[in-house]
Amino acid sequence: MPSRPASLLAPPRPWTMPPAKLKNYPHFDSPLSAAGATDLATDPVAVAAHAFHPLLLFDDVKRYFRRPDRPRKAPKKRPIRYAARTDAYIYTRYRDWLSCLYEERLAALGLSDAVAAYRRIPSPYRRGNKCNIDFAYDAIGHIRRLGDCHTLCLDIKGFFESLDHARLKAVWASLLGVRDLPPDHYRVFRSVTKYVEVDQIEVYRRLGFWGEKTVRGRRDPVEGFLVDRRRIPIRLCDARVMREVVFGEGGRHPKIAVTRKERFGIPQGTPISDLLANIYMLDFDRDMKELATGLGGHYSRYSDDILFVVPADAIAPGALAATVASAITLQGDELKIADGKTAIHRFTRHDGELRCASVSAGSPNKRFEYLGFRFDGRRVHLRDSTLSVLRQKIAGVVRREAIAQSRRYASWSVDEICDRYDYRRIEARFGRVREFEAVCDKADW
């Protein structure tokens, strides 16, 4: 693509950091005001010279739903790396810039309805933007429209960790309409491909916030926070201590900083990572949309979840799965479809009713599932795992609130604390959504 003058390479709209979105979690940098964050993130010279801090790494643990008669499945750990506040402001501004260009490209390619995740898509059903309920509703609507059809669900293995850097850079430059990334964009690109990460717990341990402690009722020491988490400073330490703790300067600690050297993979957790993953898949989404449309069906992708709904007589589902698996390898050597997660279902009409049957090997009784919902051809249900996760969230919120109240009112009895507590807040946060119930199309879900 021919390069355009640098003077024309300007963001599509002005950007300022909203004061309400300033970040206050602990990290290595000093806090910035909204004006300071805006000045930094909108100055291309400052961004090009910016020294990005190490990312803090922790594991987001997902515990699977288990029925009483089945063995417990090992929890799934997903590595999350989050940026220092000043770095996050830069990522947020450049995400906003690239998002405008990405939405224009989606519209030009006719892909606005094919990519669901990490976008703000106005909902036709109610105020606000679409959520997983709407995306699942749309997918099931395509199944009901076609009637006699196959659904093919596939999962990309290690999605964020498998994106090829050279390809990502080329797509990024293509969106900007330049041959090579300008210095500020290249600095941001470099920070999410050749980044430095450090384990959050080990940093907290070396700073004295984490370690072994005795807990009442337990015989052996346990590991945990040694201070109230609310008292951990927003700036964990100054630059000198950070170099000692993270990079091992001075010899007091061994180095724990890990520099990413592979030619693939971006960190999941920064404000720009999700958009970059979507941008990366532009060519793949275009090709898969053309494939599905040519078969008279529908294609959509929600992050690493791929869905096809095609007429039953259009193509053998196994052949379609093989085509998709082959196509995704063209997007990078590390990108692959996850073995064992491909699900194929056949929907047929009998006496005016849809029926669903699994044709996937190894799961003959499993129903069609998508974004937390299960569809048997007649009714839509919440998945058991979805309800289990909701229960865990409610239990966690109530437990944290109970601990906070007991500390605040140490002299009160349990009954006095319970009488004072505002249960309506919990109900409002996790209860039924009345506005959603008013949508008649979804009333029988």
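The structure this text deals with has already been given above.
Report on the accompanying structure. What you see is a predicted model; the values in this text were computed from it and never measured.

**Things to note about the overall build of the protein chain**
So, point 1. Broken down by element type, the protein chain carries 15 helices and 14 strands.
So, point 2. Here the C-alpha radius of gyration of the protein chain, 25 Å, is about what a compact globule of 445 residues would show, namely 22 Å.
So, point 3. Within the protein chain, the fraction of its 445 residues that count as buried is 42%.
So, point 4. In the protein chain, once contacts between residues fewer than 6 apart in sequence are set aside, the share between residues at least 24 apart is 68%.
So, point 5. Only carbon and sulfur atoms are counted for the fraction: they give 51% of the accessible area of the protein chain, which is about 24700 Å².
So, point 6. Side-chain charges of the protein chain comprise 77 positive and 56 negative groups, with the mean position of each set lying 3 Å from the other.

**Description of the sheet that holds strand β8 (residues 298–302)**
So, point 1. Read across the sheet, five strands follow the order β8-β9-β3-β10-β11 without closing on themselves; strand pairing throughout is antiparallel. Each end of this open sheet is capped by a strand with a single partner; those strands are β8 and β11 (353–358). This sheet shows a mean twist of 20 degrees between the axes of neighbouring strands, independent of strand direction.
So, point 2. Bridge count between strand β3 (residues 149–155) and strand β9 (residues 305–311): seven bridges; the pairing is antiparallel. Residue pairing for β9: C149 is matched across the bridge by P311.

**Topic: a nonpolar patch on the surface**
So, point 1. Residues L382, L387 and L390 make up a contiguous nonpolar surface patch of about 230 Å² in total accessible area.
So, point 2. By relative accessible area, L382 is classed as partly exposed at 39%.

**Some remarks on the pattern of salt bridges**
So, point 1. Per the stated rule, a full pass over the model turns up 21 salt bridges.
So, point 2. D283 is paired through a salt bridge with R286; the nearest N and O atoms lie 3.5 Å apart. One end of the pair is D283 and the other is R286, both in helix α10 (residues 282–294) and three residues apart, which spans about a single turn.
So, point 3. On the basis of relative accessibility, which here comes to 30%, the residue D283 falls in the partly exposed class.
So, point 4. With a relative accessible area of 28%, R286 lands in the partly exposed category.

**Quick notes on unusual backbone geometry**
So, point 1. One non-glycine residue, Y118, adopts positive backbone phi at about 65 degrees.
So, point 2. Residues other than glycine seldom take positive phi values, yet S303 does so here, at roughly 60 degrees.
So, point 3. Counting through the fold element by element, S303 comes out in the loop between β8 and β9.
So, point 4. Take S303: its relative accessible area is 7%, and that puts it in the buried class.

**Details of a positive patch on the surface**
So, point 1. A grouping of R229, R391, K393, R399, R400 and R429 is seen on the molecular surface, where their side chains present a positively charged patch.
So, point 2. Of the residues forming the positive patch, the biggest block, four residues, is contributed by helix α12 (residues 384–408).
So, point 3. Looking at the element boundaries, R399 is found in helix α12.
So, point 4. The exposure class of R399 is exposed, given its relative accessible area of 52%.

**Some points on the layout of surface pockets**
So, point 1. One number sums up the size of the second largest pocket: a volume of about 1300 Å³.
So, point 2. If you go around the second largest pocket, you meet 29 residues; those closest to its centre are W210, G224, F225, R229 and R400.
So, point 3. Where the lining of the second largest pocket is concerned, the elements lending two or more residues are β1 (55–62), α7 (200–206), β5 (210–213), β6 (222–225) and α12.
So, point 4. For the lining of the second largest pocket, the element with the most residues is α12, which contributes six residues.
So, point 5. Tallied by class, the residues present in the lining of the second largest pocket amount to 15 nonpolar, three polar and eleven charged.
So, point 6. Per-domain counts for the lining of the second largest pocket show at least three residues from each of domain 1 (6–120 + 164–259) and domain 3 (386–439).

**Section: the pairing of β3**
So, point 1. Among the seven residues in β3, seven count as buried, and that is most of the element.
So, point 2. Side chains C149, T151, C153 and D155 of β3 all project onto a buried face; the interleaved residues H150, L152 and L154 project onto the opposite face, where all are buried too.
So, point 3. The pairing of β3 with strand β10 (residues 343–350) spans five bridges and is classified as antiparallel. Looking at β10, one finds that L152 is bridged to I344.

**Concerning the sheet that holds strand β13 (residues 373–375)**
So, point 1. If you trace the three strands from one edge of the open sheet to the other, you get β12-β13-β14, paired in antiparallel fashion. Strands at the two margins of the open sheet, each flanked by one partner only, are β12 (368–370) and β14 (380–382). Averaged over all pairs of adjacent strands, the angle between their axes in this sheet comes to 30 degrees, without regard to strand direction.
So, point 2. Pairing analysis gives three bridges linking β13 to β14, with the strands arranged antiparallel. Bridge pairing in β14 places F375 opposite V380.
So, point 3. In this fold helix α4 (residues 132–146) packs onto β12, β13 and β14, with an angle of close to 15 degrees to the strand it touches most, β13.

**Some details on helix α3 (residues 85–109)**
So, point 1. End to end, α3 covers 35 Å across 25 residues, agreeing with the expected 36 Å (1.5 Å per residue, within 8%).
So, point 2. Burial of α3 is extensive: 18 of the 25 residues sit out of reach of the surface.
So, point 3. With its phi angle positive at about 70 degrees, G110 sits one or two positions after the end of α3.

**Let's talk about the side chain of D29**
So, point 1. Within the fold, D29 resides in the segment before α1 (34–41).
So, point 2. What D29 contacts, discounting residues up to four positions off in sequence, is H53, A84, R85, T86, I234 and R235.

Calculation notes
- Residues numbered from 1 in each chain as written.
- Predicted model: local features only at pLDDT ≥ 70, side-chain atom pairs only at ≥ 80, totals over all residues.
- Heavy atoms only, no water.
- Helix = DSSP H or I, 4+ residues; strand = E, 2+ residues; numbered from the N terminus.
- Rg over C-alpha atoms; globule rule 2.2 N^0.38 Å.
- Buried < 20%, exposed > 50% of the residue type's maximum accessible area, 1.4 Å probe, protein only.
- Contact = heavy atoms within 4.5 Å.
- Areas by Shrake-Rupley, 256 points an atom, 1.4 Å probe, with all protein chains shown as cover.
- Lys, Arg positive; Asp, Glu negative; His and termini not counted.
- Charge placed at Lys NZ, Arg CZ, Asp CG, Glu CD.
- Pairing = 2+ DSSP bridges.
- Axes fitted to C-alpha atoms, helices over the stretch in contact; angles between N-to-C directions.
- Patch = residues over 30% accessible without salt bridge, like charges linked within 9 Å, V, L, I, M, F, W, Y side chains within 5 Å.
- Salt bridge = Lys/Arg side-chain N within 4 Å of Asp/Glu carboxyl O.
- 1 Å grid on protein atoms, 1.4 Å probe; cavity = no way out; pocket = protein on both sides within 12 Å on 5 of 7 lines; lining within 4 Å.
- Points joined across faces, edges and corners; volume = space filled by probe spheres on them.
- Nonpolar A, V, L, I, M, F, W, Y, C, P; charged D, E, K, R; others polar.
- Domains from an automatic or database assignment.
- Expected span 1.5 Å × (residues − 1).

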